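# Observations on the model geometry
So you can see what is in the structure, the chains are spelled out below.
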Amino acid sequence: MTSYDAIAEVYEWLISDAKLTPAEFAASFDDVLGLLPPNAHVLDCSCGTGQLAVGLAGLGMRVAATDASEAMVRRTAALSEEFGVSVRTVRADWRELPDHFEDSTFDMVFCVGNSLHHAEGARGRVAALESMSRLLSRGGRLVLTSRTWELVRARGSRLDISDRLVRRNGRDAVVVYRWDIAPNWEDEHHIEIAIAQVDPAGSVLARSELLSSWPYRYEELEAELRRVGLRTELSTFDLEAENYMVVASKV
Ligand SMILES: C[S@@+](CC[C@H](N)C(=O)[O-])C[C@H]1O[C@@H](n2cnc3c(N)ncnc32)[C@H](O)[C@@H]1O
């Protein structure tokens, strides 16, 4: 199972410069946040290290943050404490969300930063989306961001090594992604991520994790959203862009 526990401590080396702080991460969703009522109730269901959840709480929203990785949930709780905001944190796989929250609880659910491909194939993805949909109030919205997997698969298996050092917390690291692209879309793919920190004396400390991935075509995702009662309101999908965002509302 995909865990992220081994790289949770060094996850900031994977976050883009523009989204490092909670305020910046939340601001990257300014357009959709404008659709929310005052004092909105929102969920980030793959919260990672918590920048988005803490940023949303800083805007005055009532925020819950969940993740399958215990280490990620701990980091989110620590970040909310550091920023003095209230975020309800729960370790939960997407399928377990209905065990923790009532149906129709949230005005907005976020599943962002390329998370959904970790759901196990079409069946796992639909189960995950079904959980997210259940938790949305009528008219509430799911905000999902995704890699354009059509592009990733077209490039095939490969090694991507960052072309410059990434500096976080005063430390430099080389970030490496190894993409293991399976022959068929529906097969389990693998992505190995390594963060190799280099200290001034030249020592290298590497952390890595092998993650499972089940990529999907955009058209599949759209059909799956419809299947779980979500209607696409906005999509930035473009076959030539690296990432896209979909906003889908609960019918
Ligand atoms: C690429 S990270 C994105 C984290 C964060 N949303 C961001 O943008 O920085 C993917 C996250 O999805 C979580 N995840 C993976 N599989 C999951 C599952 N089945 N249920 C809930 N979260 C999951 C991982 O633990 C990880 O924190």
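Residues numbered from 1 in each chain as written. Predicted model: local features only at pLDDT ≥ 70, side-chain atom pairs only at ≥ 80, totals over all residues. Heavy atoms only, no water.

The protein chain is annotated in an unreviewed UniProt entry as Methyltransferase domain-containing protein of Amycolatopsis xylanica.

Attention now moves to the pattern of salt bridges. The tally for this structure, following the rule as stated, stands at 13 salt bridges. Here Glu224 and Arg125 are joined by a salt bridge, their closest N and O atoms 2.8 Å apart. With Glu224 in helix H8 (residues 218–227) and Arg125 in helix H6 (residues 121–135), this pair connects stretches of sequence that are 99 residues apart. Taken as a pair, Glu224 and Arg125 share a single burial class, namely buried. Through salt bridges with shared partners, a single network forms among Arg125, Arg217, Glu220 and Glu224. (Salt bridge = Lys/Arg side-chain N within 4 Å of Asp/Glu carboxyl O. Helix = DSSP H or I, 4+ residues; strand = E, 2+ residues; numbered from the N terminus. Buried < 20%, exposed > 50% of the residue type's maximum accessible area, 1.4 Å probe, protein only.)

For the protein chain, the assigned domains read domain 1 (8–148 + 215–250) and domain 2 (150–213). The gap between the C-alpha centroids of domain 1 and domain 2 is 23 Å. Counting from both sides, the interface comprises 22 residues of domain 1 and, opposite them, 25 residues of domain 2. In this assembly, domain 1 and domain 2 are joined by 3 salt bridges. On the surface where domain 1 and domain 2 come into contact, there are 13 residue pairs in polar contact (both at pLDDT 80 or more). (Domains from an automatic or database assignment. Contact = heavy atoms within 4.5 Å. Polar contact = N/O pair within 3.5 Å; in protein donor to acceptor, adjacent residues only side chain to side chain.)

Moving on: the packing of aromatic side chains. If you walk through the whole model with that rule in mind, you get 9 aromatic pairs. An angle of 70 degrees between the planes, with centres 5.5 Å apart, marks the rings of Phe29 and Phe110 as edge-to-face. Note that Phe29 is positioned in the loop between helix H1 (22–27) and helix H2 (30–33) and Phe110 in strand E4 (residues 106–111), a separation of 81 residues in sequence. With a relative accessible area of 3%, Phe29 lands in the buried category. (Phe/Tyr/Trp six-rings, centres within 6.5 Å; stacked < 30°, edge-to-face > 60°.)

The next thing to look at is the packing of helix H3 (residues 51–58) against helix H4 (residues 70–83). Two elements in contact, H3 and H4, have axes whose closest approach is 9 Å; the angle formed by their N-to-C orientations is 35 degrees. In this structure, H3 meets H4 at a crossing whose hand is right-handed. Residues Gln51, Ala53 and Val54 of H3 form the contact with H4, whose own contacting residues are Thr76, Leu79, Ser80 and Phe83. Grouping the constituent residues of the contact of H3 with H4 by class yields 4 nonpolar, 3 polar and no charged. (Axes fitted to C-alpha atoms, helices over the stretch in contact; angles between N-to-C directions. Left-handed = near helix turned anticlockwise from the far one by under 90°. Nonpolar A, V, L, I, M, F, W, Y, C, P; charged D, E, K, R; others polar.)

This part takes up the pairing of strand E9 (residues 189–198). Judged from the 9 bridges that link them, strand E8 (residues 171–180) and E9 form a sheet pairing that is antiparallel. In the sheet register, Val175 faces E9, and the bridge partner there is Ile195. With 10 bridges joining them, E9 and strand E10 (residues 204–213) adopt antiparallel strand pairing. Looking at the pairing, His189 lines up with Ser213 of E10. Between the end of E9 and the start of E10, which pair antiparallel, lie 5 residues, with Gly202 showing a positive phi angle near 95 degrees. (Pairing = 2+ DSSP bridges.)

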